[in-house]
Amino acid sequence: MSLLDDIIGAILIGTWTNSVLLAYEANMAYKYFKKCRNDRALTRWAVAFLLVLDVATSLFEYVTVYMYAVTEWGSKEFLAKQPWTLPPYAVTTELAALVVQIYLISRFWRLARNIPVTIMLVTLSLSGFAGNAWVTYGLIKYPGYAQRTMLKDSAILWYTSVVGADISIAVALAVSLQRMRQEVLRSTKTLLQGLTYGAISTGSITAFFALLNMILYLRWPETNWGPLICFNIGRIYTLTMLYNLTHRSTNAVSISSSRDAESILDFQSVEKTSTLETLLQSTSMGLDALVWIGTHGCCHNYTYSMTENGGNIPGVNLSKFIQH
């Protein structure tokens, strides 16, 4: 391939795919804000912050391509160095990843209350942020493409920390859900299995693209084939969070195990009517449940009472839906 393909062509393709993902993200964000008006303010502000970050990142990307293809077209000197837009674009990309990782870590904490594992996950996430700061410093200090190899160590720290955090969060969530699956009614095990698959799949997607980004950078450090992937990673992280939030909003019941874990239904969608009926009809024992039904994301309070035998179901506590 020619130098133009490696430098301009790669990031041009990156802006095309980024535009598609950004449009999809805007659509999902609109649905989220419309349907989940009862979510906690912190969660809604986090989503809004991610939208601002992704729009800013996209603008940096578009300006980068415009400078290469229009403003500085034909300048071999400009083609040999990285423009000023790349350091801030790297920062906004990492901030999006950090926000989503902290959100998922908070889900794990509410689910498992495991201090050592939570500290480990936070440390991995912050290590990614530190690696990104190192990369950003390197982009400023070594702007030439021929100097890209000077960023190798910082890039490896950034990418491996991000991949490690994503995989670790997915595994931690999956293990916690599987442990809880052993403690609840048989009728809820299929639900928890679905939540486990959801946690693994969403974490695997972000980890895959971060790993692909690292491989391309290490293989062709003086080109933009690595940034082609990185141009889209921020949107992928935001879409992961929006997927969790919008699919959570269709859930019917928040179930706690005997360990009082909260917000199990944050991770995957289930049919609210069939799930509720299964839980209520699976036993002849008494069941007093305060259930929050997500009607298009707008939670309404319903109380269901079955007092045929006036008892409780061992190991299962149907409690209020913890809003996020």
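Everything here concerns the structure above.
Residues numbered from 1 in each chain as written. Predicted model: local features only at pLDDT ≥ 70, side-chain atom pairs only at ≥ 80, totals over all residues. Heavy atoms only, no water.

Details of the packing of aromatic side chains
The condition that has to hold: The aromatic pairing rule takes the rings of Phe, Tyr and Trp, using the six-membered ring of Trp, and pairs them if the centres are within 6.5 Å, calling planes under 30 degrees apart stacked, those over 60 edge-to-face and the rest tilted.
Scanning all chains against the criterion turns up six aromatic pairs. Judged by centre distance (5.3 Å) and plane angle (65°), the rings of Tyr32 and Phe33 are edge-to-face.

Side note on the nonpolar core
For the record, the criterion: In these notes, a set of buried Ala, Val, Leu, Ile, Met, Phe, Trp, Tyr and Cys residues joined through side-chain atoms within 4.5 Å is what counts as a nonpolar core. Exposure classes here rest on a 1.4 Å probe applied to the protein chains alone. A residue is buried below 20% of its type maximum, exposed above 50%, and partly exposed in between. Put simply, DSSP marks the helices as runs of H or I at least four residues long and the strands as runs of E at least two long, and each gets a number from the N terminus on. Contacts were defined at the residue level, with two residues in contact if any of their heavy atoms lie within 4.5 Å.
Among the nonpolar cores identified, the biggest contains 59 residues, and Leu50, Tyr68 and Met241 are the most heavily contacted of them. For this core, the elements supplying multiple residues, two or more each, are α1 (3-35), α2 (41-71), α3 (76-79), α4 (86-112), α5 (115-141), α6 (152-181), α7 (186-219) and α8 (225-248). Per-element accounting of this core gives the leading share, twelve residues, to α4. In this structure Leu50 touches Glu25, Ala96, Val99, Val100, Thr238 and Met241, once residues within four positions along its chain are discounted.

Description of the environment of Glu94
Let me state the cut-off plainly: Counting of polar contacts relies on pairs of N or O atoms within 3.5 Å, with two restrictions inside protein: one atom must be capable of donating a hydrogen and the other of accepting it, and residues adjacent in sequence are counted only when both atoms are side-chain atoms.
Positionally, Glu94 belongs in helix α4. Here the alpha-carbon distance between Glu94 and Ser125, two residues 31 residues apart in the chain, equals 10.0 Å. If we skip the residues at most four places from it in the chain, Glu94 touches Ser125, Gly128, Phe129, Asn132, Trp158 and Val162. A distance of 3.3 Å separates a polar side-chain atom of Glu94 from the backbone nitrogen of Phe129.

A word on a positive patch on the surface
Note the threshold: Each patch groups residues whose relative accessible area exceeds 30% and which form no salt bridge, using 9 Å between like charges and 5 Å between nonpolar side chains of Val, Leu, Ile, Met, Phe, Trp and Tyr. Using the Shrake-Rupley algorithm and a 1.4 Å probe, accessible areas are obtained, with residue cover drawn only from the displayed protein chains. We define a salt bridge as a contact between a side-chain nitrogen of Lys or Arg and a carboxyl oxygen of Asp or Glu at a distance within 4 Å. Note that His is not counted, nor are the chain ends; the positive residues are Lys and Arg, and the negative ones are Asp and Glu. Think of each charge as sitting on NZ of Lys, CZ of Arg, CG of Asp or CD of Glu.
Taken together, the side chains of Lys31, Lys34, Lys35 and Arg37 make up a positively charged region of the molecular surface. When you line up the elements, Lys34 lands in helix α1. In this structure Lys34 comes out as partly exposed when scored by relative accessible area, which is 44%.

What to know about the packing of α1 against α2
Packed helices, taken two at a time, are described by the angle their axes make and the gap between the axes. For clarity, the threshold we go by: Orientation is described by axes fitted as lines to C-alpha atoms, over the contacting stretch for helices, and by angles from 0 to 180 degrees between their N-to-C directions. Any angle from 65 to 115 degrees is called roughly perpendicular, while one under 35 is roughly parallel, one over 145 is roughly antiparallel, and all others are oblique. The handedness criterion is simple: a crossing whose near helix is rotated anticlockwise from the far helix by less than a right angle is left-handed, and one whose near helix is rotated clockwise is right-handed.
For the pair α1 and α2, interaxial distance at closest approach is 10 Å and the crossing angle is 155°. It follows that α1 is roughly antiparallel to α2 by the angle criterion. Viewed along their axes, α1 and α2 form a crossing whose handedness is left-handed.

Some details on a nonpolar patch on the surface
The grouping of Val55, Leu59 and Tyr62 at the surface amounts to a nonpolar patch, some 250 Å² of accessible area in total. Topologically, Tyr62 is positioned in helix α2. With relative accessibility at 31%, the residue Tyr62 sits in the partly exposed group.

Here we look at unusual backbone geometry
Most peptide bonds adopt trans geometry, and most residues besides glycine take a negative phi value. At Arg113, a position not held by glycine, the phi torsion is positive, near 55°. Examined against the element boundaries, Arg113 turns out to sit in the loop between α4 and α5.

Quick notes on the pattern of salt bridges
Pairing between side chains becomes possible if they bear opposite charge and their charged atoms approach one another. In this structure the tally under the stated criterion is two salt bridges. Put simply, Asp54 and Arg235 hold a salt bridge, and the shortest N to O gap is 3.0 Å. Of this pair, Asp54 sits in helix α2 while Arg235 sits in helix α8, and the two are 181 residues apart along the sequence. Two residues, Arg235 and Glu61, come together in a salt bridge whose shortest N-O distance is 3.1 Å. In this pair, Arg235 sits in helix α8 while Glu61 sits in helix α2, placing the two residues 174 residues apart along the sequence. Each of the two residues, Arg235 as well as Glu61, counts as buried. Among the charged side chains, a network of salt bridges with common partners joins Asp54, Glu61 and Arg235.

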